[in-house]
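# Reading the structure
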Number of protein chains: 4
Amino acid sequence: MTSFADITGTLEGLAIEVPSWAYGNSGTRFKVFGTPGTPRSVEEKIADAAVVHRHTGLSPTVALHIPWDRVDDYAALRRYAEDQGVGLGTINSNTFQDDDYRLGSLTHVDAGVRRKAVDHHLECLEVMRATGSRDLKIWLADGTNYPGQGDLRGRQDRLADSLAEIYAHLDPEHRLVLEYKFFEPAFYHTDVPDWGTSYAQVSALGPQAVVCLDTGHHAPGTNIEFIVMQLLRLGRLGSFDFNSRFYADDDLIVGAADPFQLFRIMTEVVRGGGLAPESEVALMLDQCHNIEEKIPGQIRSVLNVQEMTARALLVDTDALVGAQESGDVLGANAVLMDAFYTDVRGDLATWRESRGLPADPVAAYAASGHREQIAAERAGGTQLSWT
Amino acid sequence: MTSFADITGTLEGLAIEVPSWAYGNSGTRFKVFGTPGTPRSVEEKIADAAVVHRHTGLSPTVALHIPWDRVDDYAALRRYAEDQGVGLGTINSNTFQDDDYRLGSLTHVDAGVRRKAVDHHLECLEVMRATGSRDLKIWLADGTNYPGQGDLRGRQDRLADSLAEIYAHLDPEHRLVLEYKFFEPAFYHTDVPDWGTSYAQVSALGPQAVVCLDTGHHAPGTNIEFIVMQLLRLGRLGSFDFNSRFYADDDLIVGAADPFQLFRIMTEVVRGGGLAPESEVALMLDQCHNIEEKIPGQIRSVLNVQEMTARALLVDTDALVGAQESGDVLGANAVLMDAFYTDVRGDLATWRESRGLPADPVAAYAASGHREQIAAERAGGTQLSWT
Amino acid sequence: MTSFADITGTLEGLAIEVPSWAYGNSGTRFKVFGTPGTPRSVEEKIADAAVVHRHTGLSPTVALHIPWDRVDDYAALRRYAEDQGVGLGTINSNTFQDDDYRLGSLTHVDAGVRRKAVDHHLECLEVMRATGSRDLKIWLADGTNYPGQGDLRGRQDRLADSLAEIYAHLDPEHRLVLEYKFFEPAFYHTDVPDWGTSYAQVSALGPQAVVCLDTGHHAPGTNIEFIVMQLLRLGRLGSFDFNSRFYADDDLIVGAADPFQLFRIMTEVVRGGGLAPESEVALMLDQCHNIEEKIPGQIRSVLNVQEMTARALLVDTDALVGAQESGDVLGANAVLMDAFYTDVRGDLATWRESRGLPADPVAAYAASGHREQIAAERAGGTQLSWT
Amino acid sequence: MTSFADITGTLEGLAIEVPSWAYGNSGTRFKVFGTPGTPRSVEEKIADAAVVHRHTGLSPTVALHIPWDRVDDYAALRRYAEDQGVGLGTINSNTFQDDDYRLGSLTHVDAGVRRKAVDHHLECLEVMRATGSRDLKIWLADGTNYPGQGDLRGRQDRLADSLAEIYAHLDPEHRLVLEYKFFEPAFYHTDVPDWGTSYAQVSALGPQAVVCLDTGHHAPGTNIEFIVMQLLRLGRLGSFDFNSRFYADDDLIVGAADPFQLFRIMTEVVRGGGLAPESEVALMLDQCHNIEEKIPGQIRSVLNVQEMTARALLVDTDALVGAQESGDVLGANAVLMDAFYTDVRGDLATWRESRGLPADPVAAYAASGHREQIAAERAGGTQLSWT
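The residue numbers shown here count from 1 along each chain, following its written sequence. Going through the entries in the order they are written, you letter the chains from A and number the ligands from 1. Per-residue local features of the predicted model are confined to residues with pLDDT of at least 70, and side-chain atom pairs are confined, for both listing and counting, to 80 or more; whole-chain, interface and lining totals are unaffected and use all residues. Processing note: side-chain calculations cover all non-hydrogen atoms of the structure and skip hydrogens and water entirely.

For chain A, the name recorded in an unreviewed UniProt entry is Xylose isomerase, with Nocardioides aquaticus as its organism.

Below, the structure written as structure tokens:
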């Protein structure tokens, strides 16, 4: 049996990057609801992210999104973040909000549009050099809405060419992380719809190219932990975008829709060495808070990852392997379920306190007055959102 | 065998209402792309809808959406429409774009919000009296994003109460049409997720309440034509919102994703008497054109309904029943497929011309110069969109 | 806050009927694997079910399936069961394994086949009179594989007629319970595919007709707890068939695939009064054990229902309602999750012992030697399976 | 514009392998219905397959399944087939119907079971040498039903080892074709669930290993034609198993559920060179006829592939590329739809007659008396089925 004391070493290393855009307003195609205290600048978004880290000790870095987080002086932004107690992390490109990208970006049939999209990524690499970021994450909205609209094959070939040009500009410490998504915003096909496509594309690029697995980007019924296993086995699991969903949306707090699935995913991460000290797998959130409060929503999210990681670490591996090898179907399942059903919240609270963190970060935030403070302080100006 | 001549009588009666909002800009949560010539007023939207009707003879009425189409003088708007050659049709309410509706409208836990939402529908009834509309269509965005957020039962009971109050204000010639939607924009539950819920609610109201079936609002794999059959059998099929989808979106041109499904749906409409002269089933489009041209998109849509209706009417019913009754599985299927595979486009073109319509409405529109004309004429002002 | 002591009263009343067929062999269309000790008679199946009840105190009755469990003397079978410490419960009809039913049973186009199918149900009513059963459960395999194969409307009308004839033969204390299933074994349409159809059919019959909700019989992404709420609200939730699934199968141990879903379902059962003393909602398992051991599989299943019911009963209703009414999205969700994450296993073990039951029924069964005993005793004969 | 005369050259080369098991009885886990005239020997299955070819000219080879089609003398079987006018094609292995394979075969934790499974494939290679077959097709039922039951990673590694051993025994002209399947009969995970896994495994083996795409083996909503494009692009599309499905089953006649999808798939096959003379892509059926007649079911199936291939070949490629390159969304879609909606049945009938084939193979078979003949001739003996 594994005890809580056995797992705190690994838990100490747990870090979940938070996205700057989670602190701005977001919503559905029907409506974006605003909330008091929403940031009006990149700095305010980073300040909010730092609040999450101060309450949880779990989110030491913030991911940026270009152009949403474009500033004149990235070095200054980096110093600002460090003053707040956090670092700048992954740089996310954006090729879906410019009119030129209506029919594609890196895959576009027009060489000029592709040029523009490639250049945008080269700008992101420049940002990375200023922020000290390792990862360039590429999620493409590229795809088509109607059969025949585009030549699937030509688009895939152009994607390979565009990525190769970006890849050629990476510094040795950089990584190109290619995300896949089953659908949306494209309705008929997306150019990187599944892990197989992402894997085939990054394998063709070289060792610095890896796959990003967004937990919300799969077909109904997909066994996501299998993909985690496979990508770790193939050495191409670059990062996670955590969130959850019931249907097709992918904005809910990670673990909210199916905590057992999150547990199974973290079990495979542990199994495959993804939490080992030498692992380069990056854990991140990619979610938006449409109707719930943003900072508490992020706190809840990183705590969910921590709680399910703790449960996953508690799996009695010896007993599990023993049951598996003896063909004891119910016994093996029971070992896994025992860890899942173990209530780790008390142990985690005590351990948090021992590290100078609040036992209950959600309650501590509510009691801190921060919510009321930013609502008052950020009265004027324009609240930031996706656009 | 049924010949084309046998079906033109029914085809003549075919009318597919078009939505005013299809002519404005729309998009996904990621981006709304604008197009030259997009209407800047309700009148321009109606004018565009009239262009669709003039080219196809298929869309004699336009549905309005309140408040998107709110005007000071609805009687004047009605006259304007009639001058353009179309009528005003269904009035659609909107309880999802006001901040008060963040957590619900007709189902909201707060009596004041429910009051406001009910009153909005009473306003819609007033509009209907001015426009001469028969149908008040209610699609609710009400739902929750997280388990526990709302009391599912309490919300359902409040929905019943709110609908009853609205229903009490209907004029004798009015209908309350309650739409259902599997998900979106709510992520965890919607308050009217399926036909069963809509049916249970409208049955409790009375004979003037019926169900709207939006072809894009079902779970993956749902047999939609079965629901068409069932609602016709139960006497509660009020109207269709036509569109199509591959995944979770529901914005594509009807018939674009699965023409055979549209054929099967129209076959059940015919089977259940939905195209009979005395039928009150309303056919409507509810779709938006995100990247494709709007007016040609609407023309294509109503033509698709017409083409699949023609195929459905061509089914050799005697042969079908004969094969069904003799247990000839492949034979019965073959009768259906024979109608589906029959290319009716030539016959339809000839018949259109005989009625003074263009043989090829898409080509006729392209050649008409209308596209270039509105792009030039509507240069200034603010293009209308959903918000 | 609700404590464990507060909920034991309700837990004492918890009863989950087990299916006789779970103790026989079953499998997929590819292969049925046998196991040593599998029953060779109805009596041995009942004896195994009684073992589950003796270890758990949770399964006081056994459901029968006719003709699988057809015997000459049902009164004697009833006495046998009572001697074993269990009662006979729901009678399930079977109209899918006779060659006559290839194209349907209660819906068949041929009056002779419908007559045979109706008569089979009348035989089941006779069995119920001998066994003292209350419920006649009807799951229909009726449906079609190809569009056009059958007339959907005609089949639905014939179903109504057939059910009406069966209903007319019910004794006052009987219930007709109509199950729905999204698909399988029919590939294109099933005649009772959703709760709406089952509800419409039973409503037309009268107050003794109710709906059976099988947790594995829904489209991907369906919010099952919503249906639980709705059917309880409409007074037509007759019974549950519990099981779980990841994809399209529905044979896994209840709660195995998504324990949080089972928790949400039980929360709605509690919310809607389904566990109240006067409730007539019947809880049952309907699952088969293809590769795992059968008796331990059943023990695990009823324990899962018990554990999730305990968690559901622990929901702090006052806090939940308070958060819901104040619009605190995250707070309301947190109340629910707190109950779900509470590890009730220790309290349940202690409580079990206080009632003379083993603290750990799974371990107690493994230690009992029963498995080895039946493997030795049941060496000859023909193991029972579905066919 | 492409005319029918332009495409007959390619159509002449079209060959769709038929599976021997389609002529035996098959069904669901609920019931297998028999039909008069069902073969009682491998020879009778081949004779039936030859009847399909004689009526359609489309199915020159028959796939065998070992052990279902195990005979003492494969050379004699080959001569028998050739006498009937067909050849023996792909050899399919079977590692799912032996009790040893309950928990896996090539992935089994037990080295002895893996040895047995590998040896079975070596036996299949021997069969191939006798039959002159090129392809060894491996569909694995391997997987698990419960989380924790197996170590996903260990199973994947063992799969790689087992496949490598089989691959090492291939003759230079052989191919190893690895099929993937989203689920079934395993309920929680399958060891080769998606094209990405199959691609990663075959890539590691060498150039003689390729992927089999079964059109029924994907998650709901999967864009199958994209996978066709990608595998052709990567040079690893070995073969198709054609069939269709509405839900999770995959037994329906190819094209029956969604003819437009079949058209899109064939369009990508043409686009990617899959019908070019030098192409090694093999087209096969993998479907069973549960309630419909078997031989007519197979005739209908190969005709459906032929009809949709014809439509795909009729796509006006120049117009399509033109519209795609000019960003004309609706125009490009219209080019595709125009080919899909073109009724090629008349041209195909005429062309068939010109080649000495019946204009209407379905009607010709019905009129041939063959159905009645085999029903009479095959009165005794045991009808063959899957087991």
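## Points about the sheet that holds strand β6 (residues 175–179) of chain B
What links the strands of a sheet is backbone hydrogen bonding, and the strands pair in either a parallel or an antiparallel sense. All names here are of chain B. Definition in use: Here, strands pair whenever DSSP counts at least two bridges between them. Helix and strand assignments follow DSSP, with helices taken as H or I runs no shorter than four residues and strands as E runs no shorter than two, numbered in order from the N terminus. Angular values range over 0 to 180 degrees, each being the angle between N-to-C directions of two axes fitted as lines to C-alpha atoms, with helices fitted over their stretch in contact. Residue contacts are defined here by distance: any two heavy atoms, one from each residue, within 4.5 Å place the two residues in contact.
Ordered by their spatial adjacency, eight strands build a closed barrel running β1-β2-β3-β4-β6-β8-β9-β10, and the pairing between neighbours is parallel. Across the sheet, the axes of successive neighbouring strands diverge by a mean angle of 30 degrees, strand direction being ignored. Across two bridges, the pairing between strand β1 (residues 16–19) and strand β2 (residues 61–65) is parallel. Its bridge partner being in β2, V18 is matched across the sheet by V62. Seen against the sheet, helix α5 (residues 152–168) touches β4 (135–138), β6 and β8 (209–214) and runs at an angle of roughly 155 degrees to β6.

## Points about the packing of helix α9 (residues 294–313) of chain B against helix α12 (residues 345–354) of chain B
Residues and elements named next belong to chain B. What counts here: An angle below 35 degrees is treated as roughly parallel, one above 145 as roughly antiparallel, one from 65 to 115 as roughly perpendicular, and anything else as oblique. The handedness criterion is simple: a crossing whose near helix is rotated anticlockwise from the far helix by less than a right angle is left-handed, and one whose near helix is rotated clockwise is right-handed. Here the term charged refers only to Asp, Glu, Lys and Arg, the term nonpolar to Ala, Val, Leu, Ile, Met, Phe, Trp, Tyr, Cys and Pro, and the term polar to all other amino acids, Gly among them.
With their axes 10 Å apart at the nearest point, α9 and α12 run at an angle of 115 degrees to one another. Between α9 and α12, the angle falls in the class roughly perpendicular. Pair α9 / α12 crosses with right-handed handedness. Contact residues: α9 offers L303, Q306, E307 and A310, while α12 offers R345, L348, W351 and R352. Taken together, the residues of the contact of α9 with α12 break down into four nonpolar, one polar and three charged.

## Observations regarding the interface of chain D and chain C
The test is simple: When two parts are brought into contact, each loses some accessible area as probed by a 1.4 Å sphere; the total of that loss over both is the buried area. Pairs of N or O atoms are called polar contacts if they sit within 3.5 Å, as long as, within protein, a hydrogen donor faces a hydrogen acceptor (for residues adjacent in sequence, only side-chain-to-side-chain pairs).
The interface of chain D with chain C comprises 40 residues on the first partner and 40 residues on the second. The contact between chain D and chain C buries some 4,100 Å² in all, and 64% of this surface belongs to carbon and sulfur atoms. Together, R29, F30 and F187 of chain D form the three largest contributors to the area buried by chain D at its contact with chain C, with a combined 23%. Linking chain D with chain C are 18 residue pairs in polar contact (both at pLDDT 80 or more). In the side of chain D that touches chain C, the residues fall into 22 nonpolar, seven polar and eleven charged.

## A word on the interface of chain D and chain A
Counted only if it meets this: By salt bridge we mean one thing: a side-chain nitrogen of Lys or Arg within 4 Å of a carboxyl oxygen of Asp or Glu.
Counting residues at the interface gives 53 residues for chain D, matched by 53 residues for chain A. Here chain D meets chain A over a buried area of about 4,200 Å², counting both sides, of which 61% is carbon and sulfur. Put simply, R233 of chain A and D157 of chain D hold a salt bridge, and the shortest N to O gap is 2.7 Å. Joining chain D to chain A, the criterion identifies 20 residue pairs in polar contact (both at pLDDT 80 or more). Of all the elements in the fold, those that place two or more residues in the side of chain D that touches chain A are α5 (152–168), β7 (189–190), α6 (195–205), α7 (224–233), α8 (259–271), α10 (317–325) and α11 (329–341) of chain D. Here the side of chain D that touches chain A is built from residues that sort into 23 nonpolar, 18 polar and twelve charged.

## A look at the pattern of salt bridges
Threshold: Note on classification: 1.4 Å probe, protein chains only; a residue is buried when its accessible area is under 20% of the maximum for its type, exposed when over 50%, partly exposed between these limits.
Here the structure, examined in full by the defined rule, presents 121 salt bridges over all chains. Linking R29 of chain C and D251 of chain D is a salt bridge whose minimum nitrogen-to-oxygen distance equals 2.7 Å. Residue R29 of chain C is found in the loop between β1 (16–19) and α2 (42–56), and its partner D251 of chain D is found in the loop between β9 (237–242) and α8; the two belong to separate chains. Judged by its relative accessible area of 16%, R29 of chain C is buried. Overall, D251 of chain D belongs to the buried group, its relative accessible area being 5%.

## Side note on the sheet that holds strand β1 (residues 16–19) of chain D
All names here are of chain D. Pairing within the closed barrel is parallel, and its eight strands lie in the order β1-β2-β3-β4-β6-β8-β9-β10. Each neighbouring strand pair of the sheet contributes to a mean axis angle of 30 degrees, computed without reference to strand direction. Of the pairings in the sheet, the one linking strand β6 (residues 175–179) to strand β8 (residues 209–214) comprises four bridges and is parallel in character. Bridging across to β8, V177 finds its partner in V210. Each of β9 and β10 (282–285) is contacted by α8, which is oriented at about 160 degrees to β9, the strand it contacts most.

## Details of helix α1 (residues 4–12) of chain C
Residues and elements named next belong to chain C. The following threshold applies: Each C-beta atom gives one direction from the helix axis, and the arc is the one those directions make.
Among the residues of α1, F4, I7, T8 and L11 are the ones counted as buried. Viewed end-on, α1 has its buried residues packed into an arc of 125 degrees, placing them on one side of the element. In this structure, α1 carries A5 and G9 as exposed residues pointing more than 90 degrees from its buried face. Considering only its buried residues, α1 is in contact with α9 (294–313) and α12 (345–354).

## Quick look at the environment of W351 of chain C
Residue and element names in this part refer to chain C. In this structure, W351 sits in helix α12. Sequence separation between W351 and G13 is 338 residues, and the spatial gap between their C-alpha atoms is 14 Å. W351 has contacts with F4, T8, L11, E12 and Q306, leaving out every residue within four places of it along the chain.

## A word on the relation of the copies chain D and chain A
Our working definition: When the copies are superposed, the least-squares fit draws on C-alpha atoms of residues that have pLDDT of at least 70 in both.
At an RMSD of 0.0 Å, chain D and chain A line up after a rotation of 180 degrees and a shift of 0.0 Å along the axis. Both chain copies can therefore be described as sitting about a two-fold axis. The C-alpha atom lying nearest the rotation axis in chain D is that of G196 of chain D; the distance is 2.0 Å. Most of the interface of chain D is mirrored in chain A: 100% of its interface residues are interface residues there too.

## Here's the deal with helix α3 (residues 74–84) of chain C
Residue and element names in this part refer to chain C. Listing the buried residues of α3 in full gives Y74, L77 and A81. Taken down its axis, α3 places every buried residue within 55 degrees of arc, on the same side. Buried positions along α3 lie against α2, β2 (61–65), β3 (87–92) and α4 (111–131). A side-chain oxygen of the first residue of α3 lies 3.1 Å from the backbone nitrogen of A75; this N-cap is D73. G85 occupies a position one or two residues after α3 and carries a positive phi of about 100 degrees.

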